[in-house]
Each structure stands twice: as C-alpha cells, then as structure tokens.
Amino acid sequence: MIRISDVVKDFDGFRALNHLNMHVPKGAIYGLVGPNGAGKSTIIRHITGVYRQDLGEIKIDGKAVYENPEVKEKFAYIPDDIFYFLQANTLDMMKYYKGIYPKFDVELFHALADCFPAVDVRRNIRSLSKGMQKQVAFWLSICCRPELLILDEPVDGLDPVMRRQIWSIIMGDVAEHGTTVLVSSHNLRELEDVCDHVGIMNDGKILIERSLSDLQGSVTKVQVAFDGEMSALPEHIKVLHQTTAGRVHTLIVKSEQQEAQRVLAAMNPILLDVLPLTLEEIFIYELGGVDYAVKDFLF
C-alpha cells in the first residue's frame with residue numbers, strides 16, 4: 001500500500017530523514033515507533049503529501065503522493081494537532097468532508113452517533129475538549145471510507161473507555177473493508193494489541209521492519225538459574241541485556257526462542273523459564289545498540 005524508497009529530507013542543514021526505506025502492506029495495521037526526534041511525524045507528513053522529499057520516492061498504491069488529489073482521496077489523516085475551521089461544528093465539518101471525499105458515508109455518520117454520545121454535534125468544535133475533538137476526528141475520518149487511515153498519536157487525550165471504543169471501530173473497519181492503518185504512537189503496550197507489523201525508527205531511518213510475530217520471535221527473554229556460576233553463552237547467542245538477582249539471571253537474547261532454550265538447557269540449569277516479551281522491551285533493547293539511552297528494567 002505504502003512504499004517509501006531512499007527518502008531524504010533536510011531542514012536548514014539538519015537531516016530529518018536519512019535515506020529512509022519503508023513498506024506498509026495492504027490491509028496491515030502498521031505501528032511506527034521510535035524515540036522523540038526520530039522523524040516519525042516528518043515521514044507521516046511526507047506520506048500525506050504535506051512535505052515534499054528532497055530525494056527518493058513515496059508512493060501509495062504505486063502512485064506518487066505529492067500534489068496528487070487522486071491519491072489523497074484514498075486516505076484519511078488524523079494528526080496529533082487537529083485543525084478545524086473557527087466557527088465549524090461537527091455537522092459543518094461532516095458536510096465539508098462529504099464535499100472532498102467522494103466515498104463519504106452519511107448513513108455511517110449517523111449510525112456512529114451512539115458511539116460518541118458526549119459530542120454535541122451543533123457545538124463549535126474548537127470549544128470542545130481535546131479528547132472530544134479527537135473523537136470528532138475519528139468519527140469523520142472513518143466515515144470517509146478510506147482505503148488508508150494514517151494516525152499520529154491517535155488516542156492521546158482519550159479516556160480508557162473511549163480508547164477501547166475507537167480501536168474497536170478501527171479494527172472492525174479493517175476486518176470488514178481491508179483498510180490499511182499506519183499508526184505512530186509512544187504507547188507501545190496499546191500498539192502491541194492491535195498491530196501486525198512494526199517499524200522501529202531512529203535518526204531519520206527505519207532500523208527494523210517486520211511483522212510483529214517475526215519481531216517477537218527474533219528476541220527472547222529467559223530466566224535461568226545454576227548451582228554455580230553461569231558459563232558464557234555461545235557467540236551466536238547475543239545477550240542484549242542481563243540482570244542477576246542471587247542465582248537467577250534474567251536475559252534478553254537475540255535469538256529465536258527454541259534455539260535459546262536448546263542452548264541454555266544444554267548448560268544444565270536448575271531453572272529455565274521463557275517469559276513473555278513485550279513490544280516495549282523489544283523497542284528498548286533493539287535501540288540499545290545504536291546509542292539510545294537505555295536504563296535497566298525492573299523485572
């Protein structure tokens with residue numbers, strides 16, 4: 001759906017995007033994660049055609065995005081900072097969206113009203129709270145029937161019940177219509193529940209890009225204990241992080257789970273347990289090798 005090839009963007013001598021390559025498959029929910037200043041919002045603004053790259057290509061369904069209305073009709077974009085016209089209410093914006101999105105579904109708009117009961121559709125949107133403004137943005141965007149939904153910090157400012165409601169609507173749209181979703185967020189725990197693909201970004205480029213299952217399968221977290229001292233692991237089992245409490249060693253290793261278990265079992269431990277590895281832990285320890293500030297986790 002989205003293919004980005006060797007994209008470069010400089011701002012006054014600062015390289016914000018550094019030969020970035022990225023691929024979002026059609027029908028995927030793709031989580032874009034990275035530290036502050038990694039370039040996540042910058043690449044999203046390129047994907048939506050707000051910025052024009054200095055070098056490289058950005059294509060949606062094989063077509064360039066910048067100044068291409070035909071491509072822009074296919075996606076809806078919810079930025080972190082939402083803009084509405086000064087005097088517009090939700091009904092005004094519904095009519096505006098209907099005028100620029102040929103597939104805008106008015107029936108769906110009215111059907112979803114029960115999902116956003118706190119929103120007064122006749123009240124000026126700018127007078128609403130930030131959370132309610134986000135609700136309006138989702139409501140309108142889903143009704144555009146987009147083939148691609150682009151979200152930058154999408155549920156920031158929403159309460160837990162509404163967050164669940166929003167993700168339920170998005171997941172339902174993906175399941176029913178095959179919508180592709182690109183979401184940038186710092187809430188890795190939430191992304192872990194909804195994403196099937198992940199791109200980890202740092203210093204203006206994508207470091208790792210895989211399906212979530214492959215990413216979780218390539219790094220393993222284990223607890224192991226021995227009668228005596230722990231021997232060194234073979235060179236092909238790279239230890240990303242290790243903590244020790246008494247005899248118990250907690251390891252994050254760059255290895256598939258079965259291989260890590262096989263190697264450690266051969267060392268005759270008195271305890272060997274494979275633990276669930278979160279996306280947050282993968283993110284921190286993958287970035288630990290590229291000068292990203294990593295502090296010990298409490299396990």
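Computed from a predicted structure; not experimentally measured.

**Q** Give a detailed account of the packing of aromatic side chains, specifying residues and quantitative values.
**A** Scanning all chains against the criterion turns up seven aromatic pairs. Here Phe85 and Tyr96 contribute two aromatic rings whose centre-to-centre distance is 5.0 Å and whose plane-to-plane angle is 90°, an arrangement assigned as edge-to-face. Placement of Phe85 in the loop between β6 (75-78) and α3 (90-100) and of Tyr96 in helix α3 is noted, with a sequence separation of 11 residues between them. Classification of Phe85 by relative accessible area gives partly exposed; the value is 38%.

**Q** Account for the pattern of salt bridges, with residues named and values stated.
**A** In total, this model carries 13 salt bridges according to the counting rule given. Asp10 serves as the salt-bridge partner of Arg15, at 2.8 Å between the closest nitrogen and oxygen. The closest approach of N and O atoms between Glu70 and Lys63, which form a salt bridge, is 2.6 Å. Residue classification places Lys63 among the partly exposed positions, given a relative accessible area of 33%. A cluster of three or more residues bridged by salt bridges with shared partners is formed by Lys26, Asp61 and Lys74.

**Q** Which residues make up the sheet that holds strand β8 (residues 180-184), and what values go with them?
**A** The six strands are arranged β6-β7-β8-β3-β9-β10 in an open sheet whose pairing can be described as mixed. Each of the sheet's edge strands pairs with one partner strand only, and the pair in question is β6 and β10 (205-211). Averaged over all pairs of adjacent strands, the angle between their axes in this sheet comes to 15°, without regard to strand direction. Along the sheet, helix α1 (residues 40-47) contacts β3 (29-33), β6, β7 (148-152), β8 and β9 (197-202); its crossing angle with β7, the most-contacted strand, is approximately 150°.

**Q** If you had to explain helix α9 (residues 257-265) to someone new, which residues and values would you point to?
**A** Every buried residue of α9 is listed here: Ala260, Val263 and Leu264. In a view along the axis of α9, the buried residues occupy a sector of 95°, so they form one face of it. The inward-facing, buried residues of α9 contact β11 (220-225), β13 (248-254) and β14 (271-275).

**Q** Outline the packing of α3 against helix α5 (residues 130-143), listing residues and values.
**A** If you want to describe how two helices pack, look at the angle between their axes and the distance between the axes. The geometry of α3 relative to α5 is characterised by a closest axis approach of 10 Å and an angle of 30° between their N-to-C directions. Considering their axes alone, α3 and α5 lie roughly parallel with respect to each other. The chirality of how α3 crosses α5 is right-handed. Only Val136, Trp139 and Leu140 of α5 make contact with α3, whose side of the interface consists of Thr90, Met93, Met94 and Tyr97.

**Q** Describe the nonpolar core, naming the residues involved and giving the relevant values.
**A** If you look at soluble globular proteins, the nonpolar side chains tend to sit buried side by side. Within the largest apolar cluster, 57 residues are counted, with the highest numbers of intra-cluster contacts made by Phe104, Leu112, Phe116, Leu140 and Ile170. By residue number, the principal contributor to this core is α5, which donates seven residues. In this structure, Ile170 is in contact with Phe138, Ile142, Leu149, Leu151 and Val181, ignoring residues within four places of it in sequence. Counting 24 residues, the second-largest nonpolar core is a separate cluster that includes Ile2, Leu17, Ile43 and Ile44.

**Q** Describe helix α6 (residues 160-177), and please don't skip the residues or the numbers.
**A** Over its 18 residues, α6 runs 26 Å from end to end, which matches the ideal 26 Å to within 8%, given 1.5 Å per residue. Of the residues making up α6, those classed as buried are Met162, Arg163, Ile166, Trp167, Ile169, Ile170, Asp173 and Val174. Down the axis of α6, the smallest arc covering the buried residues is 155°, so these residues share one side. Away from its buried face by more than 90 degrees, α6 exposes Pro160, Val161, Arg164, Ala175 and Glu176. Looking at the buried side of α6, the elements it contacts are β3, α5, β7, β8 and α7 (188-194).

Cut-offs used in this document
- Residues numbered from 1 in each chain as written.
- Predicted model: local features only at pLDDT ≥ 70, side-chain atom pairs only at ≥ 80, totals over all residues.
- Heavy atoms only, no water.
- Phe/Tyr/Trp six-rings, centres within 6.5 Å; stacked < 30°, edge-to-face > 60°.
- Helix = DSSP H or I, 4+ residues; strand = E, 2+ residues; numbered from the N terminus.
- Buried < 20%, exposed > 50% of the residue type's maximum accessible area, 1.4 Å probe, protein only.
- Salt bridge = Lys/Arg side-chain N within 4 Å of Asp/Glu carboxyl O.
- Pairing = 2+ DSSP bridges.
- Axes fitted to C-alpha atoms, helices over the stretch in contact; angles between N-to-C directions.
- Contact = heavy atoms within 4.5 Å.
- Arc of directions from axis to C-beta.
- Parallel < 35°, antiparallel > 145°, perpendicular 65-115°, else oblique.
- Left-handed = near helix turned anticlockwise from the far one by under 90°.
- Core = buried A, V, L, I, M, F, W, Y, C linked by side-chain atoms within 4.5 Å.
- Expected span 1.5 Å × (residues − 1).

In short, shape yes, function no, at least from these values alone.
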